[in-house]
Amino acid sequence: MSLTDFTRLALKHCEKAGADEAEAFVQSQQTIEVVLERAEIQSERIKTQRGIGIRIIKDKKLGFVFSSTLSRSTIEEACRNAQSLANVSIPNPDWVSLPTPAKLPKSPSGIYDEETANMGGNEVLKLAMRAYDEAKGYDKRVDIDDGKFSIFLNEVAISNSHGVEAEEKTTLLQGYIICVAKEHGETSSMAFEYDVARSLKEFSPEKIGRLSAEKALASLKPKAVKSFLGKVILDSEPAATVLIQPIISSVNADNAQRGRSLWAGKRGEEVASKRLTITDDGLFPKGIGSSSFDFEGVPHQKTPVITRGKLEGFLHNSFTANKEDKKSTGNAYRDGYNMLPSIFVSNLIVEAGKKKLEDIISEVDKGIVVRRFSGNVRPESGEFSGIAKQASYVEKGEIKYPLKETMISGNAFQAIKNIIEIGSETHPTFLKAYVPPILIDKVNIVSK
């Protein structure tokens, strides 16, 4: 049976059980991963997850059940259990409807790669070793501390009682290396580098190894700097963590409706520097979050989020959209078949600027570059504080020396109003955000 056969079967049983509305979400995922620890291959794992989540609505009451077994008998039992839960649940007065059918776009190009789908454990091991060899061969002072390389073959199918029906396959590769550099008895801070891509051709283990080695070496012999309020260049990963994570939380329509977003009711207002333009694009070619539909079967689309600093709107699933009599933006998301849909970005794309990182550095009179951030970020308030890792002091347009553990703190919502420059080199991050380096001003910088 195909995955769609299982979703159709579930809907039949839900109808027999007396549901007003029903939805079945089936997922099949195979993961192959190779783990490095202390510069040695520690394990090779192959994991397979298959299961179904069934959502039933009866008199505006929800019943949700999932099963990790796909069979006729377990699906029939799950439907009965979901109906039983719906019968005893509390009605949700805000409930309107599950999504209704809409024409789906073609699958975005580059989201499924046959070569990646056919890879086995030996091929994943070779990816890990290519990164390992690149890092070790870059400089004798570099040691590998940790790492993991994985491929994912994912297939989902969704059907609901209104006629929504969708099925799609995707592939994904991701890997990371953590390096340290040692010289004359001193050890650098841990340098982290990763890559994530849809296909083998777009994935570079050598780049992971080389950049992690470079970062480790660049943090040898650190010095302290006097505390000051000033400019900080956040590389792609720390920019995503410090600045973009609070934005993702703030444009979540559920957070706005619950009063958990500082941007609730501010559509059309300026919330950031005019340099900042952000779009959520679920159809982005080769995008790590791309597919033709979201996890309710609603068509993916391109949604403006911030345009030249102005808030365009919020990201919706069908529930939050129905509450406001709007159309879903196609941002329903699930971590797996065992979860109800929430809201998350597909591919959040920060529009790149025209200057490379080195050119941005050349224009900074006094500031620091941060390549990794370890600390706390409160998405609702935007407050952040933590240690700037792989940080360097910049003076008169030049990197002078690496910094000892230096703390940075501030507020993300104020920081995006103080953007001076956005770089040209965009990098995909684990937040499903494509982020370039970003130079911000008026950040508290405290060095030990």
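We now turn to the structure provided with this report. Everything numeric in this text was worked out from a predicted model, so none of it was measured.

It is worth spelling out the nonpolar core at this point. Nonpolar side chains in soluble globular proteins tend to be buried together. Core analysis: the largest hydrophobic core is formed by 51 residues, its most contacted members being L243, I244, W263, L276 and I408. Take this core: its biggest share by element is seven residues, from helix α6 (residues 236–250). When neighbours within four sequence positions are excluded, I244 is seen to be in contact with A239, I278, L348, V350, A433 and V435.

A few words now on α6. Taking 1.5 Å of rise per residue, the 15 residues of α6 would be expected to cover 21 Å, and the 20 Å separating its terminal C-alpha atoms lies within 8% of that figure. The axis of α6 is deflected most strongly, by about 45°, at I244, and proline P246 appears within four residues downstream. A large share of α6 lies buried, amounting to 12 of its 15 residues. All of the buried residues along α6 are S236, P238, A239, A240, V242, L243, I244, P246, I247, I248, S249 and S250.

What follows is about helix α4 (residues 121–138). When the terminal C-alpha atoms of α4 are compared, their 26 Å separation across 18 residues agrees well with the 26 Å that a helix rising 1.5 Å per residue should span. Buried residues of α4: G121, V124, L127, A128, A131, Y132 and A135, and no others. Buried residues of α4, seen end-on, are gathered within an arc of 130° and therefore sit on one face of the element. Opposite the packed face of α4, turned more than 90 degrees from it, sit the exposed residues N122, K126 and G137.

The subject of this paragraph is the packing of α4 against helix α5 (residues 205–218). Axis separation between α4 and α5 bottoms out at 7 Å; the angle between their running directions is 35°. In terms of crossing hand, the pair formed by α4 and α5 is right-handed. Along the contact surface, α4 presents L127, R130, A131, E134, A135 and Y138, while α5 presents P205, E206, G209, R210, S212, A213, E214 and L217. Along the lines of polarity and charge, the residues of the contact of α4 with α5 split into seven nonpolar, two polar and five charged.

Now for the pattern of salt bridges. Scanning all chains against the criterion turns up 25 salt bridges. One salt bridge in this structure joins D20 and K58, with 3.4 Å as the shortest N-O distance. With D20 in the loop between α1 (3–17) and β1 (21–37) and K58 in strand β2 (residues 40–58), this residue pair connects regions lying 38 residues apart in the sequence. You can call D20 partly exposed: its relative accessible area is 43%. With relative accessibility at 23%, the residue K58 sits in the partly exposed group. Residue D143 pairs with K182 through a salt bridge whose shortest N-O separation is 3.7 Å. You can see D143 sitting in strand β4 (residues 142–160) and its partner K182 sitting in strand β5 (residues 165–183), a full 39 residues away along the chain.

Scoring rules and cut-offs
Residues numbered from 1 in each chain as written. Predicted model: local features only at pLDDT ≥ 70, side-chain atom pairs only at ≥ 80, totals over all residues. Heavy atoms only, no water. Core = buried A, V, L, I, M, F, W, Y, C linked by side-chain atoms within 4.5 Å. Buried < 20%, exposed > 50% of the residue type's maximum accessible area, 1.4 Å probe, protein only. Helix = DSSP H or I, 4+ residues; strand = E, 2+ residues; numbered from the N terminus. Contact = heavy atoms within 4.5 Å. Expected span 1.5 Å × (residues − 1). Bend = angle between axes of the 7 residues up to and from the residue. Arc of directions from axis to C-beta. Axes fitted to C-alpha atoms, helices over the stretch in contact; angles between N-to-C directions. Left-handed = near helix turned anticlockwise from the far one by under 90°. Nonpolar A, V, L, I, M, F, W, Y, C, P; charged D, E, K, R; others polar. Salt bridge = Lys/Arg side-chain N within 4 Å of Asp/Glu carboxyl O.

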